[in-house]
Each structure stands twice: as C-alpha cells, then as structure tokens.
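A closer look at the structure
Now for the letters of each chain:
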Amino acid sequence: MKRIVIFFAIAMVCAAIGRAAYQAAVAPDPPQLSRYVPAGSLLYLEARDFSSLLADWNSSAEKKQWVATSNYEVFSRSRLFLRLKGASDQYAAAAGLPPNMTFLSQVAGTRSALALYDIGNIEFLYVTYLPSARSMQTTLWQTRAKFEPRSAGGVSFYVRRDPESQKEVAFAVSGDYLLLATREDLLAGALQLMSGSQNGEKDRTVESEQWWSQAVAAAGPAGDLRMVMNLEKIVPSPYFHTYWVQQNITDMKQYSAAVSDLFRSSRQYREERVLIRKTSPPPIAPVGLEAAAGVVRLVPEGAGIYEAKAYPSADSCFDVIETKLLAPHLGPAPASEIAPQVQLTSGETGTGSDLETRIDQSAVARPVTPQSASALKDLLDKTQILASLQVQSTERDQSGVFIRIHSAVVLAAASDWNEAGVQFALADFIRPGLTAGEHGVVWQQNSGSSKLDGLWPLVIAVRGRYLLIADDSRLIEALLANFNHKSDMKPAVFVAGFNHEREQANFERFSGVLDRPNMAQSNIRGMERQPQFFSENMASLSATLAAISAEKIIVHVEGDKVLQTVTYEWSR
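The paragraphs below set out a description of the structure included in this document.

Parameters and conventions
What you see as residue numbers is a count from 1 along each chain, following the sequence as written. This being a predicted model, a pLDDT of at least 70 is required before a residue's local features are given, and a value of 80 or more before pairs of side-chain atoms are given or counted; all residues contribute to the totals for chains, interfaces and linings. Side-chain measures were taken over the full set of non-hydrogen atoms in the model, leaving aside hydrogen atoms and water. Numbering of helices and strands runs from the N terminus; a helix is a DSSP stretch of H or I covering at least four residues, while a strand is a stretch of E covering at least two. Residue contacts follow a heavy-atom distance rule, with two residues in contact if any of their heavy atoms lie within 4.5 Å. In this description, accessible areas are obtained by the Shrake-Rupley approach with a 1.4 Å probe, and a residue is regarded as covered only by the protein chains that are shown. Helix axes are fitted to C-alpha atoms over the stretch in contact, other axes to C-alpha atoms as well, and angles between N-to-C directions run from 0 to 180 degrees. Here the angle decides the label: under 35 degrees means roughly parallel, over 145 means roughly antiparallel, 65 to 115 means roughly perpendicular, and every other value means oblique. Definitions for this section: a left-handed crossing has its near helix turned counterclockwise from the far helix by less than a right angle. A right-handed crossing has that turn clockwise. Classification convention: Asp, Glu, Lys, Arg as charged; Ala, Val, Leu, Ile, Met, Phe, Trp, Tyr, Cys, Pro as nonpolar; all other residues, Gly among them, as polar. Put simply, buried Ala, Val, Leu, Ile, Met, Phe, Trp, Tyr and Cys residues joined by side-chain atoms within 4.5 Å make one nonpolar core. Each residue is placed in one exposure class: buried if its accessible area under a 1.4 Å probe, protein chains only, is under 20% of its type's maximum, exposed if it is over 50%, and partly exposed if it falls in between. A 1.4 Å probe that fits into a set of points on a 1 Å grid over the protein atoms alone but cannot get out defines a cavity; an open set with protein on both sides within 12 Å along at least five of seven lines defines a pocket, and lining residues are those with an atom within 4 Å of a point. Grid points are joined across faces, edges and corners, and a volume is the space filled by probe spheres set on the points. Only strands joined by at least two bridges in the DSSP assignment are considered to pair. Every case where a carboxyl oxygen of Asp or Glu lies within 4 Å of a side-chain nitrogen of Lys or Arg is listed as a salt bridge. This arc corresponds to the set of directions leading from the helix axis out to the C-beta atoms. In protein, a polar contact requires one atom able to donate a hydrogen and another able to accept it; more generally it is a pair of N or O atoms within 3.5 Å, and residues adjacent in sequence count only if both atoms are side-chain atoms.

1. Here's the deal with the overall build of the chain
Along the backbone of the chain there are 20 helices and 20 strands. Sequence separation of 24 or more characterises 66% of the internal contacts of the chain that already satisfy a separation of 6 or more. Accessible area for the chain stands at about 32300 Å²; split by element, carbon and sulfur atoms hold 56% of it.

Spelled out as structure tokens, the structure:
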C-alpha cells in the first residue's frame, strides 16, 4: 500500500512539473513596455529588473563611500545638482510627497521603462510592472484623494498640479502596471495604448519612430539596462551643450541615434553601444584595422594605460611624440574659459620674495621651432602610418616621494622605417633645446635599441614596419618582448585600456603633490574652501570605485554603425 501511495505522489509531482513546464513553454512573452510609450521622447531607458538594480545600489559600498567624498561634495554644489533639486522640490509640491529614495523604492517594479520628453522641464513617463497589491500599498496610491480623478482607455488615473510652479504629477494603476508621469497627456496616451484603442497620430508609440527602431534593430539582445537616445534632438539642446561632460559636441553631431546595453555579472560589467551615423562614411581599408588590433599585442602586462588607433593622421602622431616624449609645448598658453578667482586678503599687496622680481622687463621667451619646418614632421608626412599605439605607466622613485611617468609610442607603417632617417629627425628636433653642438644627441646601440648618449631619456627601436619610441629602456624592452606574440583581437578602429588597480595610488600621490600649493592658498580666512579637482575631487571618485580593477574599450565600424564594447572588471 505504501508503495502505491509513494508511486501516486511521485506521479502527481511529475504531472505538476510537466504542466508548469508546458505552461511556461506556451505562455506568451510579456509585452514590450515600449509599445505603451507615446512617441516624441528624446531618451528611452528600460530595466529588466529595476527593483533589483535599485536595491543593489542602495546596499553597495560604493554608494556609502561616495556620498561622503569630495566628489559628491562638489557635485552637490554644482549647477546641475541644484537645478535637479529645484525641479524635485517643485514636483514634491505638486505630488504632495517627496520623491526621495523611500518613494522610489516603493514604485520600483521589475520590468520598468522611463521615457524622457523634455530635458529642461524634466517631463517623463514611467511604466513599471508592479503587482496591483503592491501598487496599492504605496504612499502615492494612499494619497490619491488629494488628486483630481481622470479617465483614459477605460482606466481611472489621478492628476495633481502645483499652482505656483504649474508642475503636474499624474499616476495610474492598470492591472499589474504602475504608471507615473509629469504630464497628464503622456499618462492618458499610455493608458490608451495599453487598452488597445487607437486615435490617429496621437497614439503612435516610440517604436514607430525611425530613431528608435533603427537603433534597436542594430543592437543585439537587451541587457539588464538599455538606453536608447534620439541624438538628432538631444545634441542641439542647450542643456546637452552645457552639461555633457565630454564636450565633444561637434563629433556627436554626426550621429542620429544610439543604443547602449549594460550586462552585469559578479566580476564584470559589459556595455554594448551602437551609434548610428546620419550618413555612411567611405569604407575603411582592412589593413589599418588589422594593424591597430595587431599593435595591441605589444602592450606590456603591467601597463597603466594604452590606446591604439587605426589610420592616425601625421599631425596627431607628431603631437603625441612631441608632448609625451620630446618636449612640452612651448607656445603661448591657450586662453582660459574660466573667470579668474579673486583672492581676498588682509590688504597686503606683496611679500619679501617679490623684491627680486623685475617689473620693467618682459619675461624671456624660449624659441620655438616651427613644426612645419622640422625633419620629424616631414618624415611623418611622407610615411603612410596604418596604426599608432600609446603606452603609459607610472612608478615611484626609490625615495617614494616622486612619481615618474614613462611613455612609449609605437607607429606601424605600410613600409619599413629607415632607422637612420628616424634617428636624424628625432635628434634634429630636440637639438635646439639641448646643445649647440652634438653633445647629448648622439645615438648609441643598446641591445636591440638605440639610446641618446646624454641626459635626455630617449630610446628607439625599429623592427621593419614598426617604430618604437620611449623614454625608458625597460619599457622598450617590455614592448619588444611581446613582438613575436600573435594577436587574437579582431580588426578594430580603436582599442584602449586602463589599469585602475595599478594606477590609483600613484595618481593620488602625484596629484596631491601638484595641488599642494593650491591647498595652501585655499586656506584663506573668510574664503570657502573648494576641494582640489585632481587630488581630492577625482581622487575620491577613484577611491570610491577602487573595486573596478580595469577598463577596456574596443570600437568597430560596420557601414553607418559604430560599435563600442566597454568592459569593467571588478576585483571583488
């Protein structure tokens, strides 16, 4: 009898499992939230599980550390932060409750989408999958009596407007979806789309717009977080010009749309980006793309940062060799775009150390050799360069006080380099700043490379089509040690990497020494102290993200599409 009961129980369990598996197989996929979003948005953001993302951020060590850093202090006093806070206060007055983290946690469901329609006025629509039982437990739903009732698509929704700022907040619960908007018409339009009712052009979704459909079609599967941008509307915006950190407005004008997908794992974050050009550029010859991928194999394992490019211009190659290895730029300083700061003192106009400063003579200007007349510039102009590689690393000196920066440049050409011509061009460029004769600019052979015989640290090596220039013999040796390695990287337009774990402490030390004079000047009585940008602001951000050990970006081009893969490696 017991065997019969056990057999019957096992059969029932198997039947239940089979039925569940069948239902899961035949159940339709949940609808895409984008079909409920009215057309006209500038940016569309969708999360696979917004509540989990929010919970991870709130419980992360990075958040706890960041809010106590100089970086956050500077941000909290920035114009952007103050404008966002002002808008937050206005919407809080309109809704009758603060849009703080507690509120956000209540309305955060799993599948969620946010569409932004106006940057300046922060007009948006938010849709999230949240069981109705949870929606009705939110503070927003419980205060609905303070709102004015409306109806759209057969569903009731609620609107409240602040008479002073004229900001409005609207929300609704439709089945297991919670909708929140800062415009009544956006919420009404979303509810009509959910009900399946159509009303001409007014009910078109964001999916029907070319910028959205073109970007999404070019992208792969959606990540844990997806962002789609209408760059034709975003880039001309004055807010984009003001607040876009990279300030590459001219470069961004060539793109009509973009999509970015973030994939998360315990040890790695990967971002897949696709940018759509307005017009397709001429095809790029594959030999340069292969050369750019090939020079990456030379990067030493302990390099701090590297950057490889396909088809760099002769001017860009000249600039990087000059600024990184040969000499600082001796021309006039560029005009500052920042207003000078007024130092309020006790009325003293000088110190004893100023007595030796002559005010009746102009400062001595060092002669500058015109770039167009240099043999180095002529050599680069006449050479077809397929790819370039920059490598930099830092190290502390034996005393542990100073940070040394070592740099190397590798140029891959279409034909073999003339080593004697390279040596002459480099010596000719640096000679005016070193000697009136030949002292210090004579090349000496040194185990596969050539080095200047003076105090100037310059080393070169020529290997057929590859020219290697560095300011440190060990760096040249490390590059040459990888010369016979095979490259497993696909042809690329651009490849770069940053070893944050290696460079973090040296960056903090180096920037601290540079900012030390400014720190002394900032301790003036009656003057509010501002954190130094590099040694405090950026260093604190670096410390907050100390768990990110390395970052890498690879860029490919396919017709009118620019494909970027950005990888962040986590040490914990």
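Picking up where we left off.
2. So, the packing of helix α15 (residues 314-326) against helix α17 (residues 419-434)
Following both chains from N to C, one finds α15 and α17 inclined at 60 degrees, their axes separated by 13 Å at the closest point. Between α15 and α17, the crossing angle belongs to the class labelled oblique. Handedness of the α15/α17 crossing: right-handed. Seen from α15, the contacting residues are Phe 318, Glu 322 and Leu 326; seen from α17, they are Leu 426, Phe 429 and Ile 430. Looking at the contact of α15 with α17 residue by residue, the class counts come to 5 nonpolar, no polar and 1 charged.

3. Quick look at the nonpolar core
By size, the foremost hydrophobic cluster in this structure holds 36 residues, and its most contacted members are Tyr 44, Leu 125, Phe 157, Leu 179, Leu 187 and Val 228. Counting residues per element, this core draws most heavily on helix α9 (residues 184-195), which supplies 6 residues. Filtering out sequence-adjacent residues up to four positions away, Phe 157 remains in contact with Glu 148, Pro 149, Arg 150, Ser 151, Ala 152, Ala 170, Phe 171, Ala 172, Glu 184, Leu 187, Ala 188 and Leu 191. Ranked by size, the runner-up nonpolar core spans 33 residues in total, among them Val 296, Ala 461, Ala 470 and Leu 475.

4. Re the layout of surface pockets
Where empty space is left in the structure can be found by rolling a water-sized probe over the atoms. Roughly 640 Å³ of internal volume is contained in the second largest pocket. Along the walls of the second largest pocket sit 20 residues, with Phe 498, His 500, Glu 503, Phe 507 and Ser 542 positioned nearest its centre. At the level of secondary structure, the elements contributing two or more residues to the lining of the second largest pocket comprise β12 (385-396), β13 (403-413), α19 (500-521), α20 (533-544) and β19 (548-558). With 6 residues, α19 is the largest single contributor of residues to the lining of the second largest pocket.

5. Structural notes on the pairing of β12
Summarising burial for β12: 9 of the 12 residues are buried, a large majority. In this sheet, β12 lies alongside strand β11 (residues 305-310) in antiparallel orientation, the contact comprising 6 bridges. Residue Ala 310 lies in a different strand from β12, and its bridge partner there is Ala 387. Bridge count between β12 and β13: 11 bridges; the pairing is antiparallel. The residue of β13 that forms the bridge with Thr 394 is Ile 405. Linking β12 back to β13 in an antiparallel pair, the connection comprises 6 residues, with Gly 400 at a positive phi of about 80 degrees.

6. Re unusual backbone geometry
Even without glycine at this site, Gln 247 takes up a positive phi of about 60 degrees. Along the chain, Gln 247 falls in the loop between α12 (238-243) and α13 (249-252). Here Gln 247 falls in the partly exposed class, since its relative accessible area comes to 46%. Even without a glycine there, the phi angle at Ser 447 is positive, about 45 degrees. With respect to the helices and strands, the residue Ser 447 is situated in the loop between β14 (443-446) and β15 (449-452).

7. Details of the pattern of salt bridges
This model, assessed by the stated rule, comprises 19 salt bridges. With a closest N to O distance of 3.0 Å, Arg 150 and Glu 148 form a salt bridge. Look at Arg 150 and you get partly exposed, because its relative accessible area is 29%. For Glu 148, a relative accessible area of 44% translates into the label partly exposed. If you follow the salt bridges from partner to partner, you end up with Glu 123, Arg 183 and Asp 185 in one network.

8. Let's talk about the packing of α15 against helix α16 (residues 375-382)
Where α15 meets α16, the closest approach of the two axes is 9 Å, and the angle between their N-to-C directions is 140 degrees. Here α15 lies oblique to α16, going by the angle between them. Crossing of α15 against α16: the hand is right-handed. In this structure, α15 contributes Ala 314, Asp 315, Cys 317, Phe 318, Ile 321 and Leu 326 to the contact, and α16 contributes Leu 376, Lys 377, Leu 380 and Asp 381. Of the residues contributing to the contact of α15 with α16, the split by class is 7 nonpolar, no polar and 3 charged.

9. Some remarks on helix α18 (residues 473-481)
Taken as a whole, α18 has its buried residues at Ser 473, Leu 475, Ile 476, Leu 479 and Leu 480. In a view along the axis of α18, the buried residues occupy a sector of 160 degrees, so they form one face of it. Of the residues flanking the start of α18, the one acting as N-cap is Asp 472, its side-chain oxygen 3.3 Å from the backbone nitrogen of Arg 474.

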